[in-house]
Amino acid sequence: MSMFTIGLSGLNAAQSALNTTSNNISNVYTPGYNREITILNESTSRGTRVEDIQRQFNTFVAEQLNNAKSQSSALDVYSNQVTQIDNLLADRAAGLAPLMQEFFSSLEDLASAPSDPAARQGVLGSANTLSAQFRSFDGYLQDLQSGVNGQIKDEITQINNTTTQISYINREISLARAQLGEAPNSLLNQRDHLISELNERMDIRLNIQDGNTYNLTLPNGQPLVTGDTAYKLQAIESPNDPQRVIVGYKEGARGNGNVVALDEGLISGGALGGLMSFRSETLDKTQNQIGQLSASLAVAFNNQHQQGVDLNGDQGKAFFNLGQSNGYFNANNDGNASVKVAIDPDNIDALRATDYSIKVTDAVSTPPTFEVTRNDNGSEVETSFDAASNTLSFGGVNVEFVDLNTAQTGDQFEVQPVRRAAGGMDSAIIDLDKIAAASLIEREGDLDISQLSAASGAFTSNDEYGLDVDNAGNLTVTSATAFTITRNGDPFDPATEALAEGDVVNIDGLSFTLDSLPGAGDTASLNISRSDASAGDNRNALALQNLQSQDIVGGRASVSGAYAAIVSDVGNRTNIVQVNLDARQGLTDQLNAVQQSESGVNLDEEAANLIRFQQYYQANARVIDTASTIFDTILGLRS
Amino acid sequence: MRISSVTIFETSTASLNRQQSEFLKVSQQIASGRRVVNPSDDPQAASRAVGVDQAQAITEQFKDSRVSARNSVAQSESIMNSVTDAVISAKRLLVQASSDTLSDVDRESIASELKGLYESMIGQANATDGNGRYLFGGYKDNAPPFVKSADGTVQYQGDNNVREQRVDASRLMPVNDNGITIFKSVPSGAGYLAESGKYSFDAASNKFERNGFNQGNVTFSGPQIRDVNNEDYGSDFRVNVASDIGGNLTYQVERFDTGTSTWATTDTASANLPNGDWANNINENGSLSLEFGGVAIDLEGTPEPGDQILVAQAGSEQREPDLFRTMEQAIRVLESPADNPAKKADLRNTLNTSMRDLDNALDNVLTVRASAGARLNELDVVDAVGSNRMLNYTQTLSDLVDLDYADAISEYSLRQVGMQAAQKAFVDIKGLSLFNYM
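Residues numbered from 1 in each chain as written. Chains lettered and ligands numbered in written order. Predicted model: local features only at pLDDT ≥ 70, side-chain atom pairs only at ≥ 80, totals over all residues. Heavy atoms only, no water.

A.B. asks: Help me understand the overall build of chain B, please; the structure alone is not making it clear to me.
C.D. replies: For chain B, the helix and strand inventory stands at seven helices and 15 strands. The globule rule puts the C-alpha radius of gyration for 438 residues at 22 Å, and the 41 Å found for chain B is more than 25% above it. Referenced to the eigenvectors of the C-alpha coordinate spread, the extents of chain B come out at roughly 160 × 50 × 35 Å. Here chain B holds 438 residues, and the buried ones make up 45% of them. Total accessible area on chain B is roughly 20,800 Å²; 50% of this is exposed by carbon and sulfur atoms. Taken as two groups, the 39 positive and 59 negative side-chain charges of chain B have centres that lie 10 Å from each other. (Helix = DSSP H or I, 4+ residues; strand = E, 2+ residues; numbered from the N terminus. Rg over C-alpha atoms; globule rule 2.2 N^0.38 Å. Buried < 20%, exposed > 50% of the residue type's maximum accessible area, 1.4 Å probe, protein only. Areas by Shrake-Rupley, 256 points an atom, 1.4 Å probe, with all protein chains shown as cover. Lys, Arg positive; Asp, Glu negative; His and termini not counted. Charge placed at Lys NZ, Arg CZ, Asp CG, Glu CD.)

Right, dumping it as structure tokens:
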């Protein structure tokens, strides 16, 4: 071989290398670009040849980095969302706690001057302010819910775009491989970049088939991109709750398959996963907690208000209204039953800050059997079913089934007792006279009882009841009119049955628990009468004020204790997410650095390469020049 | 390890961002004066701060409650002070009136002075607080509790309840005393008194009603307590005068049996109560000394058949002490002329009864006033405790969430330096490029 060809091969190599270097330099800040190096090899016929423009890409590092990015992105989105709730609770002067304190303070003013219109107006005013604040809290959280719904839709649109693009590129790459034997680096870079972007939106599994074809699947194995086919995700209403947007998967690539709802916990990475985790871990829980707080306060207050008499002499009515409890039937149910949900005012201690899922385990038996689980921790709760009213009771909630006879085994229902309770909280009283500061019941006598209370409508038929109980539990009732008496919920006939200790006795709506029977040979008496509605009677106002110290939320916490728990929960959650995010971010930064060290362009390095290959080119040009001079010498021999 | 240009740039910007956000955080803390701005800064402290806030608010509530309680109690106490003065003046007038040298006209002028005191007592009993609510009506505070009825007597329209207020976490304090406690009660250990006149028992009102005056001129002295442990001590008694077949005056002591609501001639041990012929039982002083139920009474003078002397326990439910009735009786007897022996005896007896009644009433008002004073003292003590507690809460709250300015300002300078250093490093690194030397 002559010097010419050798020199030429060197020139070509130098040009190619310079091209590669300039490509690297111009693409230094292009996202997703992997640097290329020119691989030179000795040619079989002397000289050099360009073996390959090798793309510096490490699949393993890329996979690790994608996973890390997916986690970081999820935590980042979570952190953004939860910080909004954190900020909402940050202002101690404007939050719920000071307004609740002001409300109870106004009740104290009412207790010192029960008939004073200014004190009564103060109670109404602070009740309205408190209700407004509860409503605004719930409104804010509900806005966050809509925001999450909207963002899920946006993410899914972007994901679908990206998967479609990936499928196109897959096709281009396989065509190019078929034509040229290898795929152009730019297409490969683009595909890897798209996959990295997709990982930031949701966590996917990448399967490289034959070292060439990229197949993407969901975490549960369902295909997302197979070769040149892309399957679509869809934002759909949850079958459990029509107000909730979740991710659905469209089977069949040509747009003619069913849409299957994906389990909410399936996608946990990427922005989409972050949104779904935020919603199910924190947003639902906080909304339920605020709802439970407002429901407990409102129902306990209403119950106590009912034990009082207002300035018109009437028994106190409901003071607060609450937002409606929601219940939904699952869209995939075979049967046609639906549910109506209401909070049980007599069992407010059992009310919890969670949604429930009801499943009909056996629809044909009488009565039908149900399985009820809590949505926040998956545990099963005990239920009791009243066949006469088709009502299932559990956790302080009464669920009434409509068209229960059409329900099939396996039907599911979702019950949200307190989710929107705060959103509808309102004071039901506008007339100052209707605040019941005086006590309704006057009690005399030495019978040992506790928890004496009046239901709505007590004392309508009769103003006074006299009860005498002897040591054996025999009861004699003195009443001007006929009366109905129950014991522990069952009808009781004083003539034939006797009372025992611990019995809950209810006579015409007045109920009490018999703590102990009188001693041997003694008869204890109890006289329950309706009190006069005196203007200076403040006993019910004192009892209402005392609610602030009682454990009325879930039977375990006072209202301020429950609020402090919410603040602590949100603060802790935000803190944990931020700490995790920082940790993850550190890991991601490390992996980024590793990936960049492999695939990133260093301008100084390329500058040195430029100089190097320039010299290389000059040297090879000099070789050709020398060869040319030699040839000229040979040609100049004759003359 | 190989560093790419992108890594250099990204690391520098990340470092700049971090320094800036930390610097911003510290300046936010300094501007708000709080270490815990968001609950996420220190969730435990934020949650405990809510609790301490609540405790502070409750303490403040109780403080407000104590202010209004103190107002009520202080007002009651000052009115009772005036009532005390009025009762003392009335007693003095009665002592003056019992002198034998006064004429009917003199007695009438004393009666008119008593009337003035009586009206002022009614006015005090119907006192209101600043808001127009009556102090002494119990729960019925929207109408005057003591009302003059058609027959000229004063009736109590209020009830027997006492309004309470929560002045501390576990203390419900009564803030007013009702009319019954002040004007219609006697302190414990008040003893017995006697009243002349014909009495019958009215089952509907469970009270003794006088339906006639004695025709004889019997006066009594006493009654004195002889034996409080006597089985019958505490019951009401009556000395009933009758005449037997021979026209002789006889007397019979009767005991009011609350179980059967009748007058019995035997005591609870079923022994006969003192009875017999009047004239035969006069002792050497010329008076009839009777002792029954641990109580002794001396009767002087000559009764007529049908005369009665009621000997009732001062706080008896059937006789019911009533300051206004006492005054009404005293005024009545001083206004009418004492021109026959029976009326003279009635004058002596009524003044005697009224003075005893006024003594009991005075003791009672003083006792209630003392309890009001004790309550005012208690409020002061609770106030002091409450303000101490408030200080503690403020301190705790500050420890939990407030900023330590010294720490914060040194951190601020630190972060500032850090930020400037990061910025300088960025500029320096940017300037290092091989292209500058080509």
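A.B. asks: How do you make sense of the packing of aromatic side chains when you look at a structure like this?
C.D. replies: Aromatic ring pairs are defined here through the distance separating the ring centres and the angle between the ring planes. On inspection of all chains with the given rule, the structure shows 29 aromatic pairs over all chains. Seen from their ring centres, tyrosine 78 of chain A and phenylalanine 278 of chain A are 5.7 Å apart, and the 75° between their planes marks the pair as edge-to-face. Residue tyrosine 78 of chain A is found in helix H2 (residues 59-88), and its partner phenylalanine 278 of chain A is found in helix H6 (residues 270-305); the two are separated by 200 residues along the sequence. As far as burial versus exposure is concerned, tyrosine 78 of chain A and phenylalanine 278 of chain A are alike and both buried. Measuring from ring centre to ring centre gives 6.2 Å for tyrosine 118 of chain B and phenylalanine 324 of chain B, while their planes differ by 70°; the resulting arrangement is edge-to-face. Here the residue tyrosine 118 of chain B occupies a position in helix H3 (residues 104-125), and phenylalanine 324 of chain B occupies one in helix H5 (residues 323-335), the gap between them amounting to 206 residues. You can call phenylalanine 324 of chain B buried: its relative accessible area is 0%. Three or more aromatic residues joined by ring pairs make a cluster, and in this case those are Tyr118, Phe136, Phe146, Tyr156, Phe183 and Phe324 of chain B. Its end group placed over the ring of phenylalanine 57 of chain A, arginine 55 of chain A keeps NZ or CZ at 4.4 Å from the ring centre. Sitting over the ring of tyrosine 214 of chain A, arginine 191 of chain A keeps its end group 3.7 Å from the ring centre. (Phe/Tyr/Trp six-rings, centres within 6.5 Å; stacked < 30°, edge-to-face > 60°. Lys NZ or Arg CZ within 6 Å of the ring centre and 35° of its normal.)

A.B. asks: Help me understand unusual backbone geometry, please; the structure alone is not making it clear to me.
C.D. replies: One can expect most non-glycine residues to show negative phi and most peptide bonds to be in trans. Each neighbour pair has its own omega, and for threonine 366 of chain A with proline 367 of chain A the value is 0°, a cis peptide bond. Note that proline 367 of chain A resides in the loop between strand S14 (356-362) and strand S15 (369-374). Even without being a glycine, glutamine 451 of chain A presents a positive backbone phi close to 55°. Looking at the element boundaries, glutamine 451 of chain A is found in strand S24 (residues 448-454). Within the chain, serine 270 of chain B stands out as a residue other than glycine whose phi angle is a positive 65°.

A.B. asks: What is the right way to read the pattern of salt bridges from this model?
C.D. replies: Between side chains of opposite charge, a pair can form when the charged atoms approach closely. Residues and elements named next belong to chain B. Within this structure, the stated rule accounts for 53 salt bridges over all chains. Note that glutamate 335 and lysine 115 form a salt bridge whose closest N and O atoms lie 3.0 Å from each other. With glutamate 335 in helix H5 and lysine 115 in helix H3, the pair connects residues that are 220 residues apart, well separated along the chain. Between glutamate 254 and arginine 238 there is a salt bridge, with its nearest N and O atoms 2.8 Å apart. A residue pair is termed long-range when its members are at least 10 positions apart, and glutamate 254 in strand S10 (residues 249-257) and arginine 238 in strand S9 (residues 237-243) qualify at 16 residues. For the pair formed by glutamate 254 and arginine 238, the shared burial category is buried. (Salt bridge = Lys/Arg side-chain N within 4 Å of Asp/Glu carboxyl O.)

A.B. asks: In this structure, what is going on with the packing of helix H3 (residues 96-112) of chain A against helix H4 (residues 117-180) of chain A? I would like to understand it.
C.D. replies: Geometry of a packed helix pair, given as the angle between the helix axes and the separation of the axes. Residue and element names in this part refer to chain A. H4 packs onto H3 with a crossing angle of 160° between their chain directions and a minimal axis gap of 8 Å. On the basis of their axis angle, the class for H3 and H4 is roughly antiparallel. Crossing angle aside, the handedness with which H3 passes H4 is left-handed. Residue-level contacts link Leu96, Leu99, Met100, Glu102, Phe103, Ser106, Leu107, Asp109 and Leu110 of H3 to Ala119, Arg120, Gly122, Val123, Ser126, Ala127, Thr129, Leu130, Gln133, Phe134 and Phe137 of H4. Across the contact of H3 with H4, the residue classes break down as twelve nonpolar, five polar and three charged. (Axes fitted to C-alpha atoms, helices over the stretch in contact; angles between N-to-C directions. Parallel < 35°, antiparallel > 145°, perpendicular 65-115°, else oblique. Left-handed = near helix turned anticlockwise from the far one by under 90°. Contact = heavy atoms within 4.5 Å. Nonpolar A, V, L, I, M, F, W, Y, C, P; charged D, E, K, R; others polar.)

A.B. asks: Help me understand the environment of alanine 541 of chain A, please; the structure alone is not making it clear to me.
C.D. replies: All names here are of chain A. Position of alanine 541 relative to the elements: it lies in helix H7 (residues 539-546). Its relative accessible area of 0% is what places alanine 541 among the buried residues. Separated by 15 residues in sequence, alanine 541 and leucine 526 place their C-alpha atoms 24 Å apart. Excluding residues that lie within four positions of it along the chain, alanine 541 makes contacts with Leu110, Ala111 and Ala437.

A.B. asks: Can you help me understand the sheet that holds S15 of chain A in this one?
C.D. replies: The strands making up a sheet associate through hydrogen bonds between their backbones, and the pairing can be parallel or antiparallel. Residue and element names in this part refer to chain A. Taken in spatial order, the five strands make up an open sheet running S12-S20-S14-S15-S16, and their pairing is antiparallel. Each edge of the open sheet is held by one strand with a lone partner, namely strand S12 (326-329) and strand S16 (380-381). The pairing of S14 with S15 spans six bridges and is antiparallel. If you follow isoleucine 358 over to S15, its bridge partner there is valine 372. (Pairing = 2+ DSSP bridges.)

A.B. asks: Looking at this structure, how should I read the nonpolar core?
C.D. replies: Within soluble globular proteins, side chains that are nonpolar tend to cluster in buried spots. Counting 95 residues, the largest nonpolar core has Leu233, Leu293, Phe319 and Tyr563 of chain A as its most contacted members. With 15 residues, H4 of chain A is the largest single contributor of residues to this core. Residues within four places of tyrosine 563 of chain A in sequence aside, it is in contact with Leu89, Gly95, Leu96, Ala97, Met100, Phe137 and Leu293 of chain A together with Val50 of chain B. Core analysis: the second largest hydrophobic core is formed by 49 residues, Ala69, Ile79, Ala338 and Val368 of chain B among them. (Core = buried A, V, L, I, M, F, W, Y, C linked by side-chain atoms within 4.5 Å.)

A.B. asks: Is there a simple way to explain the side chain of threonine 326 of chain B in this structure?
C.D. replies: Residues and elements named next belong to chain B. If you trace the backbone, threonine 326 turns up in helix H5. A relative accessible area of 6% places threonine 326 in the buried class. Within the structure, the side chain of threonine 326 is placed 2.9 Å from the backbone oxygen of aspartate 322, a separation counted as a polar contact. Setting aside anything within four residues of it in sequence, one finds threonine 326 in contact with Ser354, Asp357 and Leu358. (Polar contact = N/O pair within 3.5 Å; in protein donor to acceptor, adjacent residues only side chain to side chain.)

A.B. asks: Where do I start with the sheet that holds strand S26 (residues 475-479) of chain A in this structure?
C.D. replies: All names here are of chain A. Sheet architecture is open: four strands sit in the order S23-S31-S25-S26, paired in antiparallel fashion. Two strands close off the open sheet at either side, each with one partner strand: strand S23 (441-445) and S26. Taking the axes of each pair of neighbouring strands and ignoring which way they run, one obtains an average angle of 15° across the sheet. Strand direction decides the pairing type here: S23 and strand S31 (residues 523-530), joined by five bridges, are antiparallel. Paired with isoleucine 441 across the strands is arginine 530, a residue of S31.

A.B. asks: Help me out: how do you make sense of the pairing of S26 of chain A in this one?
C.D. replies: When a strand is regular, its side chains alternate between the sheet's two faces. Residues and elements named next belong to chain A. Where strand S25 (residues 464-470) lies against S26, five bridges are found, and the strand directions are antiparallel. Pairing of tyrosine 465 across the sheet is with serine 479, part of S26. Between S25 and the antiparallel strand that follows it, S26, lie four residues; glycine 473 among them carries a positive phi value of about 90°.

A.B. asks: When you look at the interface of chain A and chain B in this model, what are you seeing that I'm missing?
C.D. replies: The interface of chain A with chain B comprises 57 residues on the first partner and 48 residues on the second. For the salt bridge of arginine 2 of chain B with glutamate 605 of chain A, the shortest nitrogen-to-oxygen distance reads 2.7 Å. At the level of secondary structure, the elements contributing two or more residues to the side of chain A that touches chain B comprise H2, H3, H7, helix H8 (559-599) and helix H9 (603-635) of chain A. The leading source of residues in the side of chain A that touches chain B is H8 of chain A, at 15 residues. Each residue belonging to the side of chain A that touches chain B can be placed in one class, and the counts come to 22 nonpolar, 23 polar and twelve charged.

A.B. asks: Quick question: what am I supposed to make of the packing of helix H1 (residues 5-32) of chain B against helix H7 (residues 405-430) of chain B here?
C.D. replies: All names here are of chain B. Put simply, H1 and H7 touch, their axes get as near as 9 Å, and they point 160° apart. Regarding the angle of H1 to H7, the classification is roughly antiparallel. When you trace H1 past H7, the crossing you get is left-handed. Broken down by class, the residue content of the contact of H1 with H7 amounts to 14 nonpolar, eight polar and three charged.

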